[in-house]
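Secondary and tertiary structure notes
Listed below are the residues making up each chain.
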Amino acid sequence: MDSDDIAPIAILIDELRSEDVQLRLNAIHSIPTIALALGPDRARDELVPFLQDSIDDEDEVLLALADELGRDFEQYIGGKEYAHLLLAPLENLSSVEETLVRDKAAESLTKIAAVLSNAQIEEYCIPLLKRLSGAEWFTSRTSSAALYPAVYDRVSPAIQDDLRKGYAALGSDDTPMVRRAAAKWLGPLLLKFSDQHILSDALPIYRRLESDDQDSVRLLTVEDLIAIAGKLKQSEIKEQLLKQIRHSISDKSWRVRYMAATHFNELATAVGKEITREELIGQYVQLLKDNEAEVRTAAASQIPGFSELLEKEVILARIVPCVRDLAQDSSQHVRAALAMQISGLAPLLGREPTIEHLLPLFLQLLKDDFPEVRLNIISKLETVNDVIGIGLLSANLLPAIVELAEDKSWRVRQAIIEYIPPLAKQLGKPFFDEQLGNLCMSWLGDTVYSIREAATINLKNLTDVFGVEWSQSAIVPKVMGMGQHPNYLFRMTTVQAITIIMPSLNLDIVRSEIVESLLQLASDPIPNIRFNVAKSLEVLATAFGNTPEGKAFVHQRIIPVLEQQKNDQDADVRYFAARALQKAAAVET
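Below, the structure is looked at part by part. (Residues numbered from 1 in each chain as written. Predicted model: local features only at pLDDT ≥ 70, side-chain atom pairs only at ≥ 80, totals over all residues. Heavy atoms only, no water.)

1. Details of the overall build of the chain
Summing up its helical and strand segments, the chain has 39 helices and zero strands in all. Over its C-alpha atoms the chain spans a radius of gyration of 34 Å, topping by over 25% the 25 Å that the globule rule assigns to 589 residues. When its C-alpha atoms are laid out on the principal axes, the chain stretches across 85 × 80 × 40 Å. Here the chain holds 589 residues, and 53% of them are scored as buried. (Helix = DSSP H or I, 4+ residues; strand = E, 2+ residues; numbered from the N terminus. Rg over C-alpha atoms; globule rule 2.2 N^0.38 Å. Buried < 20%, exposed > 50% of the residue type's maximum accessible area, 1.4 Å probe, protein only.)

2. Quick word on the packing of helix 25 (residues 351-366) against helix 27 (residues 381-388)
Contact pair helix 25 / helix 27: the axes reach a minimum separation of 10 Å and the direction vectors enclose 145°. For the element pair helix 25 and helix 27, the recorded crossing hand is left-handed. Each of Arg351, Thr354, Ile355, Leu359 and Phe362 in helix 25 lies in contact with helix 27, whose residues at this interface are Val384, Val387 and Ile388. Split into classes, the residues belonging to the contact of helix 25 with helix 27 amount to six nonpolar, one polar and one charged. (Axes fitted to C-alpha atoms, helices over the stretch in contact; angles between N-to-C directions. Left-handed = near helix turned anticlockwise from the far one by under 90°. Contact = heavy atoms within 4.5 Å. Nonpolar A, V, L, I, M, F, W, Y, C, P; charged D, E, K, R; others polar.)

3. Describing the packing of aromatic side chains
Enumeration over the complete set of coordinates arrives at 11 aromatic pairs. Relative to Tyr258, the ring of Trp254 has its centre 6.3 Å away and its plane inclined at 70°; by these criteria the two rings are edge-to-face. On the criterion of helical spacing, the pair formed by Trp254 and Tyr258 is a turn pair, its members being four residues apart in helix 17 (residues 254-262). Looking at Trp254, the relative accessible area reads 34%, which means it is partly exposed. Given the relative accessible area of 34%, Tyr258 is considered partly exposed. Between the NZ or CZ atom of Arg44 and the centre of the ring of Tyr82, over which it lies, the distance is 3.8 Å. If you follow Lys535 out to its NZ or CZ, it ends over the ring of Phe576, 5.0 Å from the centre. (Phe/Tyr/Trp six-rings, centres within 6.5 Å; stacked < 30°, edge-to-face > 60°. Lys NZ or Arg CZ within 6 Å of the ring centre and 35° of its normal.)

4. Considerations on the packing of helix 8 (residues 118-133) against helix 9 (residues 138-151)
In the contact formed by helix 8 and helix 9, the axes pass within 8 Å of each other and the chain directions differ by 150°. Helix 8 and helix 9 meet at a crossing whose hand is left-handed. Only Ser140, Arg141, Ser144, Leu147, Tyr148 and Val151 of helix 9 make contact with helix 8, whose side of the interface consists of Ile121, Cys125, Ile126, Leu128, Leu129, Leu132 and Ser133. Here the residues of the contact of helix 8 with helix 9 sort into nine nonpolar, three polar and one charged.

5. Looking at the side chain of Thr493
Within the secondary structure layout, Thr493 lies in helix 35 (residues 488-501). A distance of 2.8 Å separates the side chain of Thr493 from the backbone oxygen of Leu489, its partner in a polar contact. Residues contacting Thr493, with those up to four places away along its chain left out, are Leu444, Arg452, Thr456 and Met482. (Polar contact = N/O pair within 3.5 Å; in protein donor to acceptor, adjacent residues only side chain to side chain.)

6. Remarks on the pattern of salt bridges
Side-chain pairing between opposite charges can occur once the charged atoms of the two side chains come close. One pass over the full model with this rule turns up 35 salt bridges. The partner of Arg164 in a salt bridge is Asp201, and the shortest N-O contact between them spans 3.3 Å. Of this pair, Arg164 sits in helix 10 (residues 157-171) while Asp201 sits in helix 12 (residues 195-210), and the two are 37 residues apart along the sequence. Judged by its relative accessible area of 7%, Arg164 is buried. Arg246 is the salt-bridge partner of Glu279, the closest N and O atoms lying 3.0 Å from each other. With Glu279 in helix 19 (residues 273-288) and Arg246 in helix 16 (residues 242-249), this residue pair connects regions lying 33 residues apart in the sequence. We classify Glu279 as partly exposed; its relative accessible area is 24%. (Salt bridge = Lys/Arg side-chain N within 4 Å of Asp/Glu carboxyl O.)

7. What about a negative patch on the surface?
Together, Glu58, Asp59, Glu60 and Glu97 line one region of the surface with negative charge. On the secondary structure map, Asp59 appears in helix 5 (residues 59-69). (Patch = residues over 30% accessible without salt bridge, like charges linked within 9 Å, V, L, I, M, F, W, Y side chains within 5 Å. Areas by Shrake-Rupley, 256 points an atom, 1.4 Å probe, with all protein chains shown as cover. Lys, Arg positive; Asp, Glu negative; His and termini not counted. Charge placed at Lys NZ, Arg CZ, Asp CG, Glu CD.)

8. Quick notes on the nonpolar core
The tendency in soluble globular proteins is for nonpolar side chains to be buried as a group. In this structure, Leu241, Ile303 and Trp443 are the most contacted members of the largest nonpolar core, which totals 205 residues. Beyond its immediate sequence surroundings of up to four residues, Trp443 is in contact with Ala405, Ile416, Ile417, Ile420, Ile451, Arg452, Ala455 and Asn458. (Core = buried A, V, L, I, M, F, W, Y, C linked by side-chain atoms within 4.5 Å.)

9. Quick notes on unusual backbone geometry
Positive phi values are uncommon outside glycine, yet Asp72 reaches one of about 55°. Residue position: Asp72 is located in the loop between helix 5 and helix 6 (87-93). For Asp72, a relative accessible area of 47% gives the class partly exposed.

10. Details of the environment of Phe362
Looking at where Phe362 falls in the secondary structure, it is placed in helix 25. Residue Phe362 is classed as buried on the basis of its relative accessible area of 1%. Taking C-alpha positions, Phe362 is 53 Å from Asp570, a pair spaced 208 residues apart along the chain.

11. Quick notes on the side chain of Arg164
A polar contact is formed between the side chain of Arg164 and the side chain of Tyr152, at a distance of 2.7 Å. Beyond its immediate chain neighbours, meaning those up to four positions away, Arg164 contacts Tyr152, Phe193, His197, Asp201 and Ile205.

12. Some thoughts on helix 36 (residues 507-521)
Taking 1.5 Å of rise per residue, 15 residues should cover 21 Å, and helix 36 covers 19 Å from first to last C-alpha, within 8% of that figure. Residue Ile514 marks the point of greatest curvature in helix 36, where the axis turns by about 55°. Buried within helix 36 are the following residues: Leu507, Ile509, Val510, Ile514, Val515, Ser517, Leu518, Leu519 and Leu521. Contacts from the buried residues of helix 36 go to helix 33 (468-474), helix 34 (476-481), helix 35, helix 37 (527-544) and helix 38 (548-565). (Expected span 1.5 Å × (residues − 1). Bend = angle between axes of the 7 residues up to and from the residue.)

13. Examining helix 12
Where helix 12 bends most, the angle comes to about 40°, and this point is Ala202, followed within four residues by the proline Pro204. Regarding helix 12, the residues found buried are His197, Ile198, Ala202, Leu203, Ile205, Tyr206, Leu209 and Glu210. Summarising the contacts, the buried residues of helix 12 are in contact with helix 10, helix 11 (176-190), helix 13 (215-218), helix 14 (221-231), helix 15 (234-240) and helix 16.

14. With respect to the environment of Glu352
Of note, Glu352 is situated in helix 25. Classification of Glu352 by relative accessible area gives exposed; the value is 52%. Distance in space between the C-alpha atoms of Glu352 and Gln302 is 23 Å, their sequence separation being 50 residues. For Glu352, the side chain forms a polar contact with the side chain of Arg351, separated by 3.5 Å.

This is the structure:
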């Protein structure tokens, strides 16, 4: 064997023994390259045993190793038939103390199990699973839970019996961390169970975990409950699960109730409409009135989804009173969650009930002290508009919108700006000009740059909605008028606004209304304005230079000014002028 053959593994060994963690990390990430250099046979005989023996003491390095071994590493050692050789180093990693490493090792183990044949699973994976499940140290037992769903449906019925017993043992383990892992992976595992084993095996494991004394275990059983409910018949759910559903929703720990509230729609869908209407409405109302703000927030996020399963009368009688209370909740986060979801009730209730019950709440939330509440309501108004019509919406909400347009929080002003084009489309041109036209122009002079920028984009979107003629009479004169303002920020806004709006206009308007003022600004005393004019002229050249008339216009009016700017004393102006000339020249040819 010559020295070239030894080199890759020797370098790896040296780097993995280095005191520098970064060097060891780099070595781990280069394992695929080294395996490729060694070839499949030597990778199997030398590299894999070496990786199995060299368990590093640095968690970061171990995490990288667990990750690399799960990234189709079997292709470097001869393909799927040898993939089982990677189980041994990952078994070692599954028992280390650091949770991140164990989780990554378990993830890689399941990836490898997916490429193994059923015979390989029974020969190599099952003994490994039994070793992990029966290990003395809890870390191995914790890691084993993730592997059960990956192998359960790939083995014979006799082995499946053993696996169910093994998993039941994890579910009643002395260590809370192991029981937590059992609760986490029970849902994916029981989806592989036959119907009879759901009742005979999965239910007892679930019940044991659901009544655990640790809330960190109980909160993970909410998703198991949904998985079991999805596999049972209605009659079986009534008989076997109602007690557990009530337990989870009224658990003494707020974290368990929070999980139940977060997944409430999934639970309601899993148990079906009949049980939802008979049993869950009261439980849901209980969550909406919970003592903890976090639980009320989670429950509020489920309102439209849950209400879809109910009749209109029930929503009005049971859900709407809770919504009314939540709109005045002491927690801003609850009100923000409600503001995001409340509009979803409008299509379910229809026009009249929405006007009677929800519209006053929209107005109340629009005037909330907390910006996020106002933002969330604004962003969802379109749904309400579809139900009650723009006339009523504008009559009731426009005063609030105008008030918010001058809100002290710039993010609220920005949200209003983004909502204007769809609102304008629904209001129509005359109404918009009368009510909101001046407001849109006033944003161009806002003290916050993001608002001025959003305002210019808004004007372009409005041009697309109302057309070029409207823009020529309503927008262009006002924007160009700002170009003479003594404050340079207003002149800058003119240039930026025109740059954005110009592609939506036509050449006649540009020639008659815009170009003179724009070219005057090319010699503005402020360099920032001059180079923004160069950018604007570049846009003009590329937008209109594709017709003979446009080419002539660019040649006569634009290029001479850019040639002049190319010799400007400011470097930025020269750069943007040269770039614009290049684009203009490309258009001409």
